[in-house]
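# Breakdown of the fold
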Amino acid sequence: TVKHLLQSFSLLQEAIVPYIPTLIGQLTHKLLLVSKNPSKPHFNHYLFESLCLSVRITCKANPTTVSSFEEALFPVFTEILQNDVQEFLPYVFQVMSLLLEIHSNSIPSSYMALFPHLLQPVLWERTGNIPPLVRLLQAYLEKGGASIANSAADKIPGLLGVFQKLIASKANDHQGFYLLNSIIEHMPPDSITQYRKQIFILLFQRLQSSKTTKFIKSFLVFVNLYCVKYGAIALQEIFDSIQPKMFGMVLEKIVIPEVQKVSGAVEKKICAVGITKVLTECPAMMDTEYTKLWTPLLQALIGLFELPEDDSIPDDEHFIDIEDAPGYQTAFSQLAFAGKKEHDPIGDAVGNPKILLAQSLHKLSTACPGRVPSMLSTSLNAEALQYLQGYLQAATVQLV
């Protein structure tokens with residue numbers, strides 16, 4: 001049985017590498033047969049797990065073998081997509097993600113040919129497709145942001161249409177942010193310039209219509225990722241271009257009071273680096289009506305570093321995940337062997353965000369001597385100040 005095959009695969013690992021081409025032929029043949037009549041869910045699941053494990057074992061030994069898998073699997077995948085074999089689509093998307101993520105840093109034309117099909121609205125109507133499809137689009141963006149900008153720029157509105165649909169849903173808004181963050185991180189900046197303001201407006205409309213904790217956490221990560229990618233001045237300017245003084249309102253009403261709720265090490269790091277940039281690389285924070293927010297923002301950042309995470313959820317938000325699932329939907333079937341490793345968009349550029357804060361404050365203080373210490377002594381609370389002294393000592397810098 002396929003389940004036993006999977007167990008032997010797991011145990012034998014490298015030993016079966018020479019036999020995998022034969023096995024792939026058999027698995028692909030089997031896949032084509034069952035796709036005509038997918039009546040055994042467990043069998044199907046194990047069949048796709050076996051494919052994923054074969055890919056992992058072989059490509060770990062030799063990454064260039066990924067193309068032989070693609071040659072064998074793409075014709076079957078194309079047929080499954082064209083015939084809209086609903087039960088198999090979430091699996092196909094996961095295997096495609098796994099294959100595409102193995103590529104070094106380019107995107108084969110076979111994938112680009114399928115790209116427009118992945119944006120079809122009908123695919124996004126089924127809940128079970130959403131997590132694997134978002135991951136697949138993220139892989140497209142990571143490996144081929146420039147290719148999309150060059151040869152498929154007319155598809156960017158479709159990509160943003162998917163994001164718009166996802167953030168309108170309380171159940172799937174986090175998936176919309178995953179997609180948006182990949183767009184911001186990997187698309188060449190000039191390819192999305194004309195869409196940026198509209199993206200922010202859509203997010204504000206959702207904030208006004210239904211502001212949930214989950215949405216706010218994702219929003220904070222996005223805003224700070226945008227700041228890391230495009231700079232603090234660009235962030236302040238885009239907010240204030242939507243409405244005067246809006247940047248201050250976002251800091252005061254969302255960033256300062258809510259940043260303690262952000263969870264996840266990578267997410268916290270993104271927020272810490274973004275807030276550090278706002279504090280130290282945004283002239284408007286030093287000499288406008290925004291200056292009154294400088295110390296509260298620094299206090300909130302030190303809180304993010306030192307205080308326990310605020311994981312409280314308002315009473316009326318406990319049942320969100322069940323909403324907007326019309327009737328019966330195939331649940332998303334996660335393949336264990338198609339797992340994705342966590343991605344850190346900042347990476348090694350910032351080892352320790354506390355040290356970065358100390359160094360950035362030092363640099364700011366040398367640009368306007370006397371200002372930073374006086375802002376700290378007047379309104380930063382004693383405990384936060386003590387933590388900050390610790391960061392400055394660890395970074396061996398002083399404020400002037």
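Structure: above.
The rules behind the values
Residues numbered from 1 in each chain as written. Predicted model: local features only at pLDDT ≥ 70, side-chain atom pairs only at ≥ 80, totals over all residues. Heavy atoms only, no water. 1 Å grid on protein atoms, 1.4 Å probe; cavity = no way out; pocket = protein on both sides within 12 Å on 5 of 7 lines; lining within 4 Å. Points joined across faces, edges and corners; volume = space filled by probe spheres on them. Helix = DSSP H or I, 4+ residues; strand = E, 2+ residues; numbered from the N terminus. Nonpolar A, V, L, I, M, F, W, Y, C, P; charged D, E, K, R; others polar. Phe/Tyr/Trp six-rings, centres within 6.5 Å; stacked < 30°, edge-to-face > 60°. Buried < 20%, exposed > 50% of the residue type's maximum accessible area, 1.4 Å probe, protein only. Lys NZ or Arg CZ within 6 Å of the ring centre and 35° of its normal.

### Concerning the layout of surface pockets
Approximately 1100 Å³ is the volume attributed to the largest pocket. When residues of the lining of the largest pocket are traced back to their parent elements, those giving at least two are helix H8 (130-151), helix H10 (173-186), helix H12 (213-230) and helix H15 (265-281). Considering each element in turn, the lining of the largest pocket owes the most residues, eight residues, to H10. Looking at the lining of the largest pocket, its residues break down into 15 nonpolar, 16 polar and 15 charged. Taken as a whole, the second largest pocket encloses approximately 420 Å³ of empty space. Lining the second largest pocket are 16 residues, with Arg56, Glu101, Ile102, Gly339 and Lys341 sitting closest to its centre. When residues of the lining of the second largest pocket are traced back to their parent elements, those giving at least two are helix H3 (41-61), helix H5 (89-102) and H8. In terms of residue count, the dominant contributor to the lining of the second largest pocket is H3 (five residues). Looking at the lining of the second largest pocket residue by residue, the class counts come to five nonpolar, three polar and eight charged.

### Looking at the packing of aromatic side chains
Scanning all chains against the criterion turns up 19 aromatic pairs. Ring centres of phenylalanine 200 and tyrosine 226 lie 5.0 Å apart, and the angle between their planes is 85 degrees; on these two criteria the pair is classed as edge-to-face. Taken together, the residues span a long stretch of sequence, with phenylalanine 200 in helix H11 (residues 189-209) and tyrosine 226 in helix H12 at a distance of 26 residues. The two residues phenylalanine 200 and tyrosine 226 agree in class, both being buried. Ring geometry for phenylalanine 247 versus tyrosine 290: centroids 5.6 Å apart, planes at 70 degrees, classification edge-to-face. Of this pair, phenylalanine 247 sits in helix H14 (residues 246-258) while tyrosine 290 sits in the loop between helix H16 (284-287) and helix H17 (294-306), placing them 43 residues apart in sequence. Through pairs of rings, three or more aromatic residues link up here, namely Phe177, Phe200, Phe204, Phe215, Phe219, Phe222, Tyr226, Tyr230, Phe239, Phe247 and Tyr290. Over the aromatic face of tyrosine 230 sits the side chain of arginine 196, whose NZ or CZ is 4.0 Å from the ring centroid.

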